[in-house]
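# Summary of structural features
Okay, here's what each chain looks like letter by letter:
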Amino acid sequence: MADGLESARPGVLTTVQDLGRAGYAHLGVPRSGALDTGAHRLANRLLGNPETAATLETTLTGCAVRALRPAVAAVTGAPCPVTVDGRPAAWGQPVRVPAGAVLDVGAATHGVRSYVAFDGGVDAEPVLGSRATDLLSGLGPAPLCEGAVLGLGEAASAHRPSGCPDAAAWAAPPRELVLPVVLGPRHDWFTSGGLRTLLTGRYRVSAASNRIGLRLEGPALERAREGELASEGMPLGAVQVPPEGRPVIFLADHPTTGGYPVVGVVPAEALDAAAQAPPGTPVRFTAAGA
């Protein structure tokens, strides 16, 4: 691993992410990985990297890194200002960063998380086959701090492979997050009125949300039965309901087991949008396939 980047401004939370370490839930290890997998994949495609290459995932305030060797970068996900040594650079396109220059990825103007890819990928010691930072278990590299040095892998070629997109398309984010939900496995722990509330209630993203789960503010779901539930497996996208009755949507760093009832599951393909929903975003659920 050759040194490639030095952190000049870590931002509120910047982590190394790839597509995660799937297949270890039986050991109590979450999948982790990029929350917005589409943006992560696109950033790598812009540079001709494999989609498994690690990127930097920023949160709200972006980050700044100094290139210790010449590099090419691409920023996707939440739109934000991008500069190289203070000069404006393109968002969503490959950007050359000379050795010694500072790439500054600014605060998100829409959304929450930006993805910063580098040719060759961010290099860190793999744990269980992944370089992803897992905030729940503590596996993977630590969140970025000032002065931290990260390695970069060797770029596959001086020229991008044919077929790489030239730029990332940008679309205005929806004013409301609409999430499909498949009911079960514990929807029978809720009254018919509680299930109706889930599918008709109006919620908002809580500021307490993080990589573990999207917490919601809004009407509580009425329980049909009380008591304890034996701890059981929790899939990605599980909509768990704690005692106060307000849903929590489990994201990539979620625990692998839990003891609160899961009223439904949001399909994985809908979670990229959830990863980009800032606090206060209106949320509603719809029955999947309806």
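So, here is what we can say about the structure in this document. Quantities reported herein were computed from a predicted structural model and do not represent experimental measurements.

Further remarks concern the environment of Ser-130. Relative to the assigned elements, Ser-130 resides in the loop between β11 (122-123) and β12 (149-152). Measuring from C-alpha to C-alpha, the distance between Ser-130 and Ala-53 comes to 9.6 Å, with 77 residues separating the pair along the chain. In this structure Ser-130 touches Asp-18, Gly-20, Arg-21 and Glu-125, once residues within four positions along its chain are discounted. Side-chain polar atoms of Ser-130 contact the side chain of Asp-18, separated by 2.7 Å. A polar atom in the side chain of Ser-130 sits 3.0 Å from the backbone nitrogen of Ala-132.

Our focus in this paragraph is the side chain of Arg-211. As for its position among the elements, Arg-211 is in the loop between β14 (203-205) and β15 (213-217). Only 3.5 Å separates the side chain of Arg-211 from the side chain of Gln-17, close enough to count as a polar contact. At 2.8 Å, the side chain of Arg-211 forms a polar contact with the backbone oxygen of Gly-33. Apart from the residues lying within four places of it in its own chain, the contact partners of Arg-211 are Gln-17, Ser-32, Gly-33, Ala-34, Leu-35, Glu-57, Arg-113, Thr-133, Leu-135, Leu-251, Ala-252 and Asp-253.

To continue, consider the nonpolar core. Counting 33 residues, the largest nonpolar core has Leu-56, Val-97, Leu-103, Phe-118 and Val-122 as its most contacted members. Of all elements in the fold, only α1 (37-47), β4 (63-67), β5 (71-77), β6 (82-84), β8 (95-97), β9 (102-105), β10 (114-118) and β12 reach the threshold of two or more residues within this core. Excluding its chain neighbours within four sequence positions, the residues that come into contact with Val-97 are Ala-67, Arg-69, Pro-70, Ala-71, Ala-73, Val-84 and Leu-103. Ranked by size, the runner-up nonpolar core spans 31 residues in total, among them Ala-34, Leu-198, Tyr-203 and Val-263.

What follows deals with the packing of aromatic side chains. Under the defined criterion, the tally for this structure stands at one aromatic pair. Geometrically, the ring pair formed by Tyr-203 and Phe-285 is edge-to-face, given 6.2 Å between the ring centres and 70 degrees between the ring planes. In this pair, Tyr-203 sits in strand β14 while Phe-285 sits in strand β21 (residues 282-287), placing the two residues 82 residues apart along the sequence. There is no split in this pair, since Tyr-203 and Phe-285 are both buried.

We now examine α1. Among the residues of α1, those classed as buried are Thr-37, Ala-39, His-40, Ala-43, Asn-44, Leu-46 and Leu-47. On the buried face of α1, the contacting elements are β2 (15-17), β3 (55-57), β5, β10 and α3 (271-275). A positive backbone phi angle near 80 degrees is found at Gly-48, which sits one or two residues after α1.

Reading the values: rules and limits
Residues numbered from 1 in each chain as written. Predicted model: local features only at pLDDT ≥ 70, side-chain atom pairs only at ≥ 80, totals over all residues. Heavy atoms only, no water. Helix = DSSP H or I, 4+ residues; strand = E, 2+ residues; numbered from the N terminus. Contact = heavy atoms within 4.5 Å. Polar contact = N/O pair within 3.5 Å; in protein donor to acceptor, adjacent residues only side chain to side chain. Core = buried A, V, L, I, M, F, W, Y, C linked by side-chain atoms within 4.5 Å. Buried < 20%, exposed > 50% of the residue type's maximum accessible area, 1.4 Å probe, protein only. Phe/Tyr/Trp six-rings, centres within 6.5 Å; stacked < 30°, edge-to-face > 60°.

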